[in-house]
Amino acid sequence: MDKHSSSETIGFTLNGAPVQSHAAGHARLSATLREELDAKDVKVGCNAGDCGACTVLIDGAPVCACLTATAQAKGRDVQTLRGIEPAMLMRLQDSFTAHQAAQCGICTPGMMISAAALLNDVPKPNAKQVQDALGGVLCRCTGYRKIIDAVVALVSDIPETPTKGDVGDAIARLDSTAKVDGTERFGDDVAPEGALVALVIRSPFAHSAFEFGDLDHLRARVGIEAVLTAKDIPGSNLFGTIPGFIDQPVFAEKETRFKGEAVAALIGEADVIAAFRVLDFPVTWGELTPVQDVTEAQKSDAPQLHAGSDNNVMCGGFVACGDVEAGLAQADVVLERQFETSFVEHAYIEPEAGFAEMVDGRVHLHVCTQSPVMNQEALAGILALDKEDIRIVPTAVGGGFGSKLDLTVHPYVCLGALVTGRAVRIAYSRVESMATSTKRHPGRITITGGARKDGTVTGLRFDGDFNTGAYASWGPTVANRVPLHASGPYRIPNYRAQAKGVYTHCPPAGAFRGFGVPQSAIAQETLFDELAAEIGMDRLEFRILNALDNGVPTVSGQVFEQGVGVKPCLEALRPAWQNGQQDCATFNEGSTHLKRGVGIAAGWYGCGNTSMANPSTIKCGLKADGTLVLHQGAVDIGQGSNTVITQIFAQAFGVSVHQVARVGADTDVTPDAGKTSASRQTFVSGNAAKLSGESLRRQVLALVNAAEDAEISLGAGQIELSGGHRIDLSRMDVGEDGYVLRAVASYDPPTSPLDDNGQGVPYAQFGYAAHLAVVEVDTKLGTIKPIHFVAAHDVGQAINPLLVEGQVQGGVAQGLGMALMEEFIPGRTDNLHDYLIPSIGDVPPIETVIVEELDAHGPFGAKGLGEHALIPTAPAILNAVHNATGVRLRHIPALPHRVRAALKEFGYD
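What counts and what doesn't
Residues numbered from 1 in each chain as written. Predicted model: local features only at pLDDT ≥ 70, side-chain atom pairs only at ≥ 80, totals over all residues. Heavy atoms only, no water. Helix = DSSP H or I, 4+ residues; strand = E, 2+ residues; numbered from the N terminus. Rg over C-alpha atoms; globule rule 2.2 N^0.38 Å. Buried < 20%, exposed > 50% of the residue type's maximum accessible area, 1.4 Å probe, protein only. Contact = heavy atoms within 4.5 Å. Areas by Shrake-Rupley, 256 points an atom, 1.4 Å probe, with all protein chains shown as cover. Lys, Arg positive; Asp, Glu negative; His and termini not counted. Charge placed at Lys NZ, Arg CZ, Asp CG, Glu CD. Phe/Tyr/Trp six-rings, centres within 6.5 Å; stacked < 30°, edge-to-face > 60°. Lys NZ or Arg CZ within 6 Å of the ring centre and 35° of its normal. Pairing = 2+ DSSP bridges. Axes fitted to C-alpha atoms, helices over the stretch in contact; angles between N-to-C directions. 1 Å grid on protein atoms, 1.4 Å probe; cavity = no way out; pocket = protein on both sides within 12 Å on 5 of 7 lines; lining within 4 Å. Points joined across faces, edges and corners; volume = space filled by probe spheres on them. Nonpolar A, V, L, I, M, F, W, Y, C, P; charged D, E, K, R; others polar. Salt bridge = Lys/Arg side-chain N within 4 Å of Asp/Glu carboxyl O. Core = buried A, V, L, I, M, F, W, Y, C linked by side-chain atoms within 4.5 Å. Parallel < 35°, antiparallel > 145°, perpendicular 65-115°, else oblique. Left-handed = near helix turned anticlockwise from the far one by under 90°.

Time to look at the overall build of the protein chain. The helix and strand tally for the protein chain stands at 23 helices and 33 strands. Against the 2.2 N^0.38 benchmark of 29 Å for 909 residues, the protein chain shows a C-alpha radius of gyration of 27 Å, consistent with a compact globule. Taking the principal axes of its C-alpha atoms as reference, the protein chain extends roughly 80 × 80 × 60 Å. Counting all 909 residues of the protein chain, 62% fall into the buried class. Expressed as a percentage of contacts within the protein chain between residues at least 6 apart in sequence, the contacts between residues at least 24 apart total 77%. Approximately 31,400 Å² of the protein chain is accessible, and the part contributed by carbon and sulfur atoms is 48%. Mean positive and mean negative side-chain charge positions of the protein chain (72 and 104 charges, respectively) differ by 3 Å.

The structure is reproduced here in structure tokens:
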């Protein structure tokens, strides 16, 4: 459908107006709408009809525009989001905004279009009808429940939200308008007309040698502006994320180490690149033997991926306290278990995309990214430029979850712009994205634990090998973070944990919501269930007995005097736990092959970097006209940092959030607020915003010697303060950045280095969670259906409870996918049809319980949340399966064939 051919004029109605297209009749309607008719509210996530982001209405019926030929629209009425009947569109927009139904926003147009089609036919749909109608559109952020609520709410009153936006107010997202009206600009929405296009040539093998043919002949072709290889990189042909582990080439030089690795890039006119056959690129491949299993990779005769990494071990992490052997010897019950988890694909609906151009001798890059300053620093080394010669302007990010921390499209478009002097764009196909993006590390884990008959855990030993793929990426972070977390949020007096990252010929494994902790939690929380069963103790009470508390040391010797909230989270599950056990038992008495069970699990996560500097800087200023401006550089990837950080800042300064004008993120105009990862933005950048707001407030109060508790009111060119004070801003001198008053503040969490046994202060705060899952197992088919979740989360202080609920529900959905369906197989998985993520019918109701144990360091007591929302879900599901069937599942995901095999081995027919 994408092949070049002669075009004809095709007329149809688009959003109520007649249009003429000159695209080929077989061209994808999605491409015609976006590229020719500038209907950028139509999003493209897969070009295969799997994700539904490109849904439009043709004569009132929803269709995937990527599977619709442009000729099929001839003479018909086509509606994108902007073309929905205005009154209905406004109601949908209001409801999606009020319910936090749009997070990153990339799927939102497809969802709203599908909802409009349903409402035209069924004015008052119920939740089941909404699920059926929207089932063709995938969302990776929300967990769908807010979307269902938003559509159902159109037949009732849309809830009102507080207007001021104080800390604790459940206000709607401040950046929601663009997400619900189709004007949000993602990575593939921003390139100028006429930009050149980059096409990356990639290895078809997991391990291969290669040689180029006549590249000069290719360079001479009309419409090809450049052919780039490693020889064309002016600086270092390496990138990565962790100092000491910068090991991934922009272009492979002699051999490739994973299927999809880049060896060259073509830069050319859009039509020439679209027509280019990759098989025509002059390169000869020589397939070599790959090693893709962590056990095989560590054998002495295995191919070695990197010099200096003996037996392909990238690095390791280690934590020990007490005497684990003595602790296990003291136990009345000792159990040892093995677990295996798989690669998991991020599956964000927006594939990686962006464009670069030269502006006054500088490289300007517009790209979907979670870490603009980190990217800027990496590109400076590759391009041999000063950091100041590179400007990165993040676009909206259609989901990230960790993978958009790394460089992806960045070097190719920047090199292309440098070489050609023209704007260069790229948007990865779904196949390309899945082949090259980082994954969740598969883990091969052995865990041993002991407990006394009274329920006290006496010792725990953990050993995990994690497949880091061909390059390090965030593998060192995973290897070091896992041993600190593998105890779970419990008092373990005797502990020894080690983890290794192992190189293989697989796609690089990197950051993915939890950095290895979800994998270790599966092993630890399942083992705790088994220990409780062995001593005959209630599984919830066993956890509460051993839970960490204020004043109790963690396995790294860290002691928190306040804010340890895991016990309140577990205790919040008691009513649902008691009811769930009774309800499941009653159901099972009357059922044969369908069995229900209830499971629980807890989790914790250290917010920010591990024992490393982790600063954020926030700037603010007052203009002479009375405008209050916040330079907010913390990239919002759907989690809500634009809103939460503004709420914190506004509260600190003393005004409504609606009086704050926000700027950012942009490396030219916003200070470095650090990367959006590791649940750090609310905590770290939030603290910087609080300090910045307080500093600016003090300056204002000092001008008239006002009281510390004076109320501030912003007006046109002036500030009024309680007590009769007035400040005429229009008469003040305009200084740096155009402000009459400005403040810049930074915050770096207090941590300390770890010793050889992992003892020290790795994190200034942890967040805590406990999840309960009720599932139904079909023992004949081996299928597992989640029925209900209860998720209790200690967030310190809920800056915005509505956003907390959205994060929790989205995290639960991703944990559900990890547990039951998501398995990326290197070299085979390349689309969202074979790789299953939860759809709207897979995620049951989720009850969110917000626990607030104030943190000593967080802004207004707040803690991070992003990773925590995922960690307990999978083990809670697995423990529920055992409660339902008696079967323990130790290979994740629990696909039906694995479940059925385990059931048969256990004795089921």
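To continue, consider the packing of aromatic side chains. Considering all chains together, one arrives at 16 aromatic pairs under this definition. On the basis of an interplanar angle of 50° and a centroid distance of 5.7 Å, the ring pair of Phe210 and Trp285 is categorised as tilted. With a gap of 75 residues between them, Phe210 in strand β7 (residues 208-212) and Trp285 in strand β11 (residues 283-287) connect regions that are remote in the sequence. According to the relative accessible area criterion, Phe210 is buried, its value standing at 8%. Overall, the relative accessible area of 24% leaves Trp285 in the partly exposed class. Clustering of aromatic rings is evident, with ring pairs tying together Phe560, Trp604, Tyr763, Phe766 and Tyr768. Seen from the ring of Tyr348, Lys404 lies directly overhead, with NZ or CZ sitting 4.3 Å from the centre. The cationic tip of Lys690 hangs over the ring face of Phe860; the distance from NZ or CZ to the ring centre is 5.2 Å.

On to the sheet that holds strand β2 (residues 17-21), then. Taken in spatial order, the 5 strands of this open sheet run β2-β1-β5-β3-β4, and their pairing is mixed. Of all strands in the sheet, those with a lone pairing partner are β2 and β4 (61-64), marking the two edges. Taking the axes of each pair of neighbouring strands and ignoring which way they run, one obtains an average angle of 40° across the sheet. One ladder, built from 2 bridges, connects strand β3 (residues 55-58) with strand β5 (residues 77-79); its direction is antiparallel. Along β5, the bridge assignment pairs Ile58 with Val78.

Among the structural elements, Ala862 can be located in the loop between β33 (846-851) and α22 (873-885). We classify Ala862 as buried; its relative accessible area is 0%. Considering only alpha carbons, one finds Ala862 and Thr682, 180 residues apart in sequence, at a separation of 7.3 Å. Look past the residues within four positions of Ala862 in its chain and what remains in contact with it is Thr682, Gln765, Val795, Gly796, Gln797, Ile799 and Asp855.

The gaps left among the atoms become clear once a water-sized probe is rolled over them. Evaluated as defined, the whole model comprises 8 cavities of 30 Å³ or more. The volume enclosed by the largest cavity comes to roughly 550 Å³. Along the walls of the largest cavity sit 39 residues, with Gln639, Ser679, Gln807, Leu865 and Gly866 positioned nearest its centre. Listed by contribution, the elements that provide at least two residues to the lining of the largest cavity are α19 (641-653), α20 (681-704) and α21 (801-820). Looking at the lining of the largest cavity residue by residue, the class counts come to 17 nonpolar, 18 polar and 4 charged. Taken together, 21 residues form the lining of the second largest cavity, with Phe239, Gln248, Leu407, Thr408 and Thr436 sitting closest to its centre.

We now examine the pattern of salt bridges. Between side chains of opposite charge, a pair can form as their charged atoms come close. In the structure shown here, the tally under the stated rule is 48 salt bridges. Note that Arg202 is salt-bridged to Glu432, the shortest N-O span being 2.9 Å. One end of the pair, Arg202, is in strand β6 (residues 196-202); the other, Glu432, is in helix α13 (residues 430-436), with 230 residues separating them in the sequence. You'll find Arg202 and Glu432 in the same group, each marked buried. For Asp216, the salt bridge goes to Arg219, with nearest N and O atoms at 3.0 Å. Of this pair, Asp216 and Arg219 both sit in helix α7 (residues 215-219), 3 residues apart, which is roughly one turn of the helix. Salt bridges sharing partners connect three or more residues here, namely Arg34, Glu35, Lys43, Asp188, Asp189 and Arg425.

Moving on, we get to the nonpolar core. The biggest cluster of nonpolar side chains holds 155 residues, and the ones touching the most others in it are Leu92, Phe96, Met111, Tyr495, Ile784 and Leu889. If you look at the next biggest cluster of nonpolar residues, it comprises 36 residues, including Phe649, Ala650, Val657 and Val684.

Here we come to the packing of helix α2 (residues 86-98) against helix α3 (residues 108-121). For any two helices packed against each other, one specifies the inter-axial angle together with the distance between the axes. Closest axis-to-axis distance for the α2/α3 pair is 11 Å, and the angle between their directions is 125°. Relative to α3, α2 is oriented oblique. Relative to α3, α2 is oriented so that their crossing is right-handed. The residues of α3 that touch α2, namely those facing Met88, Leu89, Leu92, Gln93 and Phe96, are Thr108, Met111, Met112, Ala115, Ala116, Leu119 and Asn120.

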